[in-house]
Amino acid sequence: MASPGPAGSAAPPVVQRGIVKMVLSGCAIIVRGQPRGGPPPERQINLSNIRAGNLARRAAASQPDAKDTPDEPWGFPAREFLRKKLIGKEVCFTVEYKTPQGREYGMVYLGKDTSGENIAESLVAEGLASRREGIRANNPEQSRLAELEEQARSAKKGMWSEGSGSHTVRDLKYTLENPRHFVDSLHQKPVNAIIEHVRDGSVVRALLLPDYYLVTVMLSGIKCPTFKREADSEVPEPFAAEAKFFTESRLLQRDVQIVLESCHNQNILGTILHPNGNITELLLKEGFARCVDWSIAVYTRGADKLRAAERFAKERKLRIWRDYVAPTANLDQKDKQFVAKVMQVLNADAIVVKLNSGDHKTIHLSSIRPPRLEGDIAQDKNRKLRPLYDIPYMFEAREFLRKKLIGKKVNVSVDYIRPASSATETVPAFSERTCATVSIGGINIAEALVSKGLATVLRYRQDDDQRSAHYDELLAAEARAIKNGKGLHSKKEVPIHRVADISGDTQKAKQFLPFLQRAGRSEAVVEYVFSGSRLKLFLPKETCLITFLLAGIECPRGARNVPGLTQEGEPFSEEATLFTKELVLQREVEVEVESMDKAGNFIGWLHIEGVNLSVALVEQALSRVHFTAERSPYCKALLAAQDAAKQRKEKVWSHYEETPVEEVVPVLEEKERTANYKPVFVTEITDDLHFYVQDVETGAQLEKLMENMRAEVGAHPPVEGSFSPRRGDFCIAKFVDGEWYRARVEKVESGGKVHIFYIDYGNKETLPPTRLAALPPAFSPRVLPPQATEYTFAFIQVPQDEEARADAVDSVVRDIQNTQCLLNVEHLGPGCPHVTLQFADSKSDVGLGLVKEGLVMVEPRKERQFQKVITEYLNAQEAAKSARLNLWRYGDFRADDADEFGYSR
């Protein structure tokens with residue numbers, strides 16, 4: 001409320017400028033300066049010569065007998081008039097006088113000078129304020145106020161309107177009887193509100209409209225530095241004042257919308273929405289706040305956005321993060337994010353991966369804990385604890401990871417390095433751990449594990465930054481698992497795995513042997529690899545563990561620790577063990593048990609995806625054929641693999657000297673390569689790099705047949721729908737060019753889709769039956785056989801990796817489709833003949849060109865008649881490898897990483 005000015009003044013008042021921070025009432029405002037290196041100075045200006053209604057005030061808590069004071073009529077509309085007109089705007093003002101208590105009274109104008117709107121006059125003109133009683137109109141300003149007041153009175157504006165003005169008095173509600181019920185009743189719909197007070201950067205007092213609830217709102221998901229009360233003063237934490245000003249300057253007394261998300265004691269958690277943005281994200285991005293785990297879970301606008309904003313501030317070391325050091329700050333980018341192949345699952349939160357360099361690395365899944373023994377679970381003292389089978393849900397967790405990951409390429413993003421820790425009385429020592437987020441096909445493996453209830457999420461101190469980059473998703477997944485009663489959170493009986501370990505138990509092995517021999521091929525999972533030919537297997541159907549020795553081979557012995565003596569391993573024993581590990585460890589295999597040794601170990605054959613492990617070890621020159629193989633059905637394959645390894649003189653055969661053979665081999669038996677190239681026209685190339693050609697010599701016959709057939713069909717058009725296609729039928733089909741071609745029905749689907757093959761061109765299509773018709777007998781394959789013949793390239797291996805294969809196919813399509821070439825059949829294959837193709841003009845080899853470009857690999861063949869051309873192909877491959885073209889851009893991957901890159905060894 002204003003007071004009268006003094007009788008006179010000696011000098012004209014000085015015009016000052018500022019930004020309106022807050023409107024206290026219809027006749028008082030707070031003006032601030034411009035910020036320079038921190039929150040700016042501010043001062044309260046009371047409007048001279050006028051009076052507006054007082055706003056409601058809550059009774060002080062220290063005075064229990066005091067009562068709340070309500071709004072005076074037209075007090076709130078006057079405040080709202082000024083709030084909407086002035087908040088955040090630049091004004092100029094003159095201080096006319098100052099009371100002994102320090103209150104300043106003056107005139108306020110909207111804009112940079114006194115020519116702007118006079119705020120006091122505007123209030124009076126709207127009937128929202130009156131001249132103070134007892135003031136005479138003895139100067140122009142007061143005369144103007146008197147005139148405006150009389151006009152408002154005549155127009156019955158505001159306080160001069162009829163009635164008491166009780167409708168302008170708010171029914172303020174300072175407390176909520178049931179905050180939780182209040183929040184839930186709004187169903188997270190935005191509520192209109194005015195921010196009345198900013199306590200700190202992340203806590204405000206808001207007036208909810210239209211029911212005038214005055215509530216404290218804490219911003220969900222974040223916390224700003226606060227003001228701590230010490231003695232009779234408030235001491236700000238670092239950047240507390242700056243954070244408060246940041247929020248004040250954007251929200252104080254602004255119209256906003258608030259999404260009420262949850263409730264904490266009497267305080268409400270929510271998100272404040274302003275047309276200019278989300279203050280929660282802005283505070284984080286500017287380094288004024290940090291994410292808090294306990295409330296980020298209720299944030300409804302995407303917790304990942306908050307984490308991203310916080311990460312932005314951390315990376316730039318803004319404000320509260322000025323001394324921040326990232327958990328992976330000492331790692332190179334290539335060590336932070338990389339692609340690797342999973343070789344082994346250690347338990348429910350750790351895997352071993354193979355890097356592109358060939359090194360193996362243990363990776364722990366960030367922020368999760370595997371299943372563990374809880375409480376005093378009864379344990380047989382005579383039996384050693386087997387965590388995989390004895391800890392509830394450990395086996396299910398390991399199996400989930402094994403089936404999902406083993407042998408697959410995954411994306412690894414390192415979150416933090418957990419330093420090594422020494423042992424204590426209750427906790428064992430741990431070596432340094434690399435903790436990372438591992439994903440495959442866009443799926444976070446840790447999140448999937450937690451969502452199935454097969455792991456739990458670690459809890460951290462608020463200032464502990466060593467956690468998963470997707471920590472909020474992990475918490476949400478755990479909440480879902482708890483709600484749905486999954487796995488560890490289930491109320492059901494814990495699954496029990498009674499697995500018998502008969503390794504080394506001769507008596508049990510003898511009893512079990514006939515059963516396994518009769519079973520033929522049994523399914524198994526390789527649990528451990530002791531050496532190249534000695535493994536531990538889990539048989540799921542029989543729920544037992546056995547030690548398994550590979551039959552038919554003699555593998556180099558590994559190093560052994562005998563009491564008082566260390567036996568060194570034979571040459572290439574470690575390589576053999578590594579080869580077996582990479583091929584079969586934790587993979588699903590099939591085993592044929594033939595016999596057992598005196599120690600209770602089973603002997604037999606192990607197959608993985610059609611590969612006999614014994615034969616594979618011999619092929620890689622990591623094992624020799626044992627004489628016991630002679631009576632096995634795999635003897636021929638083993639001996640052939642051994643002969644090839646001897647010829648290469650690799651590894652165990654590196655010092656092999658071939659015994660001279662005295663018999664003279666007849667030269668006549670040597671087969672020469674025949675080069676009989678004939679002209680062909682390439683019509684189609686398939687996705688697996690097979691191709692169809694037409695013989696150029698019979699091209700004229702095909703053209704004549706097609707011309708006559710189309711004339712026949714034109715003269716006697718087929719009746720639409722009269723042809724009922726069946727698999728294997730010959731027919732005619734209307735292609736996209738509107739012409740009819742000879743075709744064969746390959747498949748008929750329900751719903752009227754027919755898969756057909758154009759027998760003269762090699763391409764395939766799916767058509768409705770309405771575009772098919774019966775083939776006239778005069779043009780059947782008996783008259784002229786199908787002209788499209790399928791071939792594939794000789795001497796090359798097509799990449800199994802989809803992208804690499806697509807590159808090779810695209811290159812061939814560009815070069816030879818719908819062109820004339822020269823073709824020579826080199827040898828027959830299981831599906832179609834293998835040929836070499838030459839360009840008709842340059843006579844250069846198409847397959848050799850693919851090798852030179854690094855798009856395919858050479859298929860080594862042993863036939864002597866092909867050695868000259870194979871040598872040429874291999875030289876081209878070496879050149880492509882040296883130039884790191886296409887397949888070879890990462891070097892020669894074939895030795896260790898063939899499976900990883902999708903190529904057969």
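For the protein, an unreviewed UniProt entry supplies the name Staphylococcal nuclease domain-containing protein and the organism Zosterops borbonicus. According to UniProt, the comment filed for the protein under the heading Function (unreviewed entry) is "Endonuclease that mediates miRNA decay of both protein-free and AGO2-loaded miRNAs." Under the heading Catalytic activity (unreviewed entry), UniProt records this for the protein: "Endonucleolytic cleavage to nucleoside 3'-phosphates and 3'-phosphooligonucleotide end-products."

A. Spatial organisation of the environment of Asn-676. Turning to its location among the elements, Asn-676 is positioned in the loop between α17 (635-648) and β38 (678-685). C-alpha of Asn-676 to C-alpha of Val-825: the two residues are 149 residues apart in sequence and 7.8 Å apart in space. Those residues within four positions of Asn-676 in sequence are excluded, and the remaining contacts are Leu-823 and Asn-824.

B. Structural detail: the sheet that holds strand β41 (residues 740-749). Ordered by their spatial adjacency, 5 strands build an open sheet running β43-β42-β41-β40-β44, and the pairing between neighbours is antiparallel. Bordering the open sheet on either side are β43 (764-767) and β44 (772-774), each of which pairs with just one other strand. Across the sheet, the mean angle from the axis of one strand to that of its neighbour is 45 degrees, orientation sign disregarded. Here strand β42 (residues 753-757) runs beside β43; their pairing, made up of 4 bridges, is antiparallel. Across the sheet, the residue bridging to Ile-756 is Glu-765, located in β43. Its contacts with the sheet put helix α18 (residues 699-715) on β40 (730-734) and β41, and the angle it makes with β41 is roughly 75 degrees.

C. The arrangement of the sheet that holds strand β39 (residues 690-695) in detail. The strand order around the closed barrel built from 5 strands is β38-β39-β45-β48-β47, with neighbouring strands paired in mixed fashion. Taking the axes of each pair of neighbouring strands and ignoring which way they run, one obtains an average angle of 60 degrees across the sheet. Relative to strand β47 (residues 820-827), β38 is paired through 4 bridges, and the arrangement is antiparallel. Bridge pairing in β47 links Pro-679 to Leu-822. In the packing of helix α19 (residues 802-816) onto the sheet, contacts are made with β38, β45 (789-793), β47 and β48 (834-839), and the angle to β38 comes to roughly 130 degrees.

D. Geometry of a negative patch on the surface. On the surface, a cluster of negative charge is contributed by Asp-801, Glu-802, Glu-803, Asp-807 and Asp-810. Structurally, the position occupied by Asp-807 is in helix α19.

E. View of the pattern of salt bridges. For the structure on display, the rule yields 49 salt bridges. The partner of Glu-527 in a salt bridge is Arg-398, and the shortest N-O contact between them spans 2.8 Å. Taken together, the positions of Glu-527 in strand β28 (residues 521-531) and Arg-398 in helix α11 (residues 394-405) put the pair 129 residues apart, joining distant regions of the chain. In this pair, the class of Glu-527 matches that of Arg-398, namely buried. Salt-bridge contacts for Glu-863 lead to Arg-861; the nearest nitrogen and oxygen are separated by 2.6 Å. Put simply, Arg-79, Glu-80, Arg-83, Glu-196 and Asp-255 are held in one network by salt bridges that share partners.

F. Structural detail: the UniProt feature "domain: TNase-like" (unreviewed entry) in the protein. The sites that UniProt annotates as "domain: TNase-like" (unreviewed entry) are residues 14-162, 189-323, 336-491 and 520-655. Along residues 189-323 one finds 27% helix and 41% strand; the C-alpha atoms at either end are 39 Å apart.

G. Quick peek at helix α14 (residues 506-519). Counted at 1.5 Å a residue, the expected span for α14 with its 14 residues is 20 Å, and the 20 Å between its end C-alpha atoms agrees. Along α14, the residues classified as buried are Ala-509, Phe-512, Leu-513 and Leu-516. Of the surrounding elements, those touching the buried residues of α14 are β28, β29 (534-539), β30 (544-550), β34 (588-596) and β35 (602-608). Within two residues after α14, Gly-520 carries a phi angle of roughly 70 degrees, on the positive side.

H. Quick look at the nonpolar core. Core analysis: the biggest nonpolar cluster contains 47 residues, and Ile-351, Ile-363, Ile-368, Leu-405, Val-438 and Leu-449 have the highest contact counts within it. Among the elements that make up this core, the one with the highest residue count is α11 (6 residues). Discounting chain neighbours no more than four positions away, the residues touching Ile-363 are Phe-338, Asp-349, Ala-350, Ile-351, Val-353, Val-412, Thr-434, Ala-436 and Val-438. Judged by nonpolar contacts, the second largest core, of 42 residues, contains Leu-539, Val-591, Val-618 and Tyr-634.

I. Structural view of the packing of aromatic side chains. Taken as a whole and judged by the stated rule, the model has 21 aromatic pairs. Ring geometry for Phe-735 versus Tyr-741: centroids 6.0 Å apart, planes at 85 degrees, classification edge-to-face. Relative accessible area serves as the criterion here: at 26%, Phe-735 is assigned to the partly exposed category. Overall, the relative accessible area of 12% leaves Tyr-741 in the buried class. Ring plane angle 85 degrees and centroid distance 6.2 Å describe the contact between Tyr-741 and Tyr-758, whose orientation is recorded as edge-to-face. Of this pair, Tyr-741 sits in strand β41 while Tyr-758 is found in the loop between β42 and β43, placing the two residues 17 residues apart along the sequence. For the pair formed by Tyr-741 and Tyr-758, the shared burial category is buried. Members of the aromatic cluster, each reached through a chain of ring pairs, are Phe-735, Tyr-741, Tyr-758 and Tyr-761. Of note, Arg-153 hangs over the ring of Trp-160, and the distance from its end group to the ring centre comes to 4.1 Å.

J. Quick peek at the pairing of strand β2 (residues 28-32). Burial runs high along β2: 5 of the 5 residues are buried. Neither face of β2 is left uncovered, since the one carrying Ala-28, Ile-30 and Arg-32 and the one carrying Ile-29 and Val-31 both have all their residues buried. Judged from the 5 bridges that link them, strand β1 (residues 15-25) and β2 form a sheet pairing that is antiparallel. Each residue of the ladder has a partner; that of Val-23, found in β2, is Ile-29.

K. How the structure looks around the pairing of β47. Here β47 lies mainly inside the structure; 6 of its 8 residues are buried. Pairing geometry for β47 and β48, over 6 bridges, is antiparallel. Note on β48: the bridge partner recorded for Val-825 is Val-835. Linkage of β47 to β48, two consecutive antiparallel strands, is achieved through a turn of 6 residues.

L. Up close: the UniProt feature "domain: Tudor" (unreviewed entry) in the protein. The sites that UniProt annotates as "domain: Tudor" (unreviewed entry) are residues 724-782. Secondary structure content for residues 724-782 is 0% helix and 46% strand, while the C-alpha to C-alpha distance between its ends is 21 Å.

M. Summary view of the confidence of the model for the protein. In this model, the protein carries an average pLDDT of 87, and 93% of its residues clear a pLDDT of 70 or more. The lowest-confidence element of the protein is helix α22 (residues 894-901), averaging 46 in pLDDT; the highest-confidence one is strand β9 (residues 191-200), averaging 96. Long-range and interchain partners of residues 1-9, a stretch whose pLDDT sits below 50, account for 20 contacts in this model, where long-range means more than four residues apart. Here residues 661-670 is a poorly scored stretch, pLDDT under 50, and it has 1 contact once near neighbours within four places are set aside; other chains count.

N. Here's a closer look at helix α21 (residues 867-882). Its 16 residues give α21 an end-to-end C-alpha distance of 22 Å, which sits within 8% of 22 Å, the value for a rise of 1.5 Å per residue. Turning to α21, its buried residues number three or more, namely Val-869, Ile-870, Tyr-873, Ala-876, Gln-877, Ala-880 and Lys-881. All buried residues of α21 fall inside an arc of 140 degrees around its axis, so they share one side. Facing away from the buried side of α21 by over 90 degrees, the exposed positions are Lys-868 and Ser-882. A positive phi of about 55 degrees marks Arg-884, the residue just after α21.

O. Summary view of the environment of Ser-623. Along the chain, Ser-623 falls in the loop between α16 (613-619) and β37 (624-625). Given the relative accessible area of 0%, Ser-623 is considered buried. Residues Ser-623 and Glu-853, spaced 230 residues apart in sequence, show a C-alpha to C-alpha distance of 36 Å. Each residue touching Ser-623, except ones within four places of it in the same chain, is listed here: Ile-553, Glu-554, Cys-555, Pro-556, Leu-617, Val-618, Val-652 and Trp-653. Polar side-chain contacts of Ser-623 include one of 3.0 Å to the backbone oxygen of Glu-554.

Calculation rules
Residues numbered from 1 in each chain as written. Predicted model: local features only at pLDDT ≥ 70, side-chain atom pairs only at ≥ 80, totals over all residues. Heavy atoms only, no water. UniProt positions renumbered as here; feature names shortened; annotations may be inferred. Helix = DSSP H or I, 4+ residues; strand = E, 2+ residues; numbered from the N terminus. Contact = heavy atoms within 4.5 Å. Pairing = 2+ DSSP bridges. Axes fitted to C-alpha atoms, helices over the stretch in contact; angles between N-to-C directions. Patch = residues over 30% accessible without salt bridge, like charges linked within 9 Å, V, L, I, M, F, W, Y side chains within 5 Å. Areas by Shrake-Rupley, 256 points an atom, 1.4 Å probe, with all protein chains shown as cover. Salt bridge = Lys/Arg side-chain N within 4 Å of Asp/Glu carboxyl O. Lys, Arg positive; Asp, Glu negative; His and termini not counted. Charge placed at Lys NZ, Arg CZ, Asp CG, Glu CD. Buried < 20%, exposed > 50% of the residue type's maximum accessible area, 1.4 Å probe, protein only. Expected span 1.5 Å × (residues − 1). Core = buried A, V, L, I, M, F, W, Y, C linked by side-chain atoms within 4.5 Å. Phe/Tyr/Trp six-rings, centres within 6.5 Å; stacked < 30°, edge-to-face > 60°. Lys NZ or Arg CZ within 6 Å of the ring centre and 35° of its normal. pLDDT = per-residue confidence, 0-100. Arc of directions from axis to C-beta. Polar contact = N/O pair within 3.5 Å; in protein donor to acceptor, adjacent residues only side chain to side chain.

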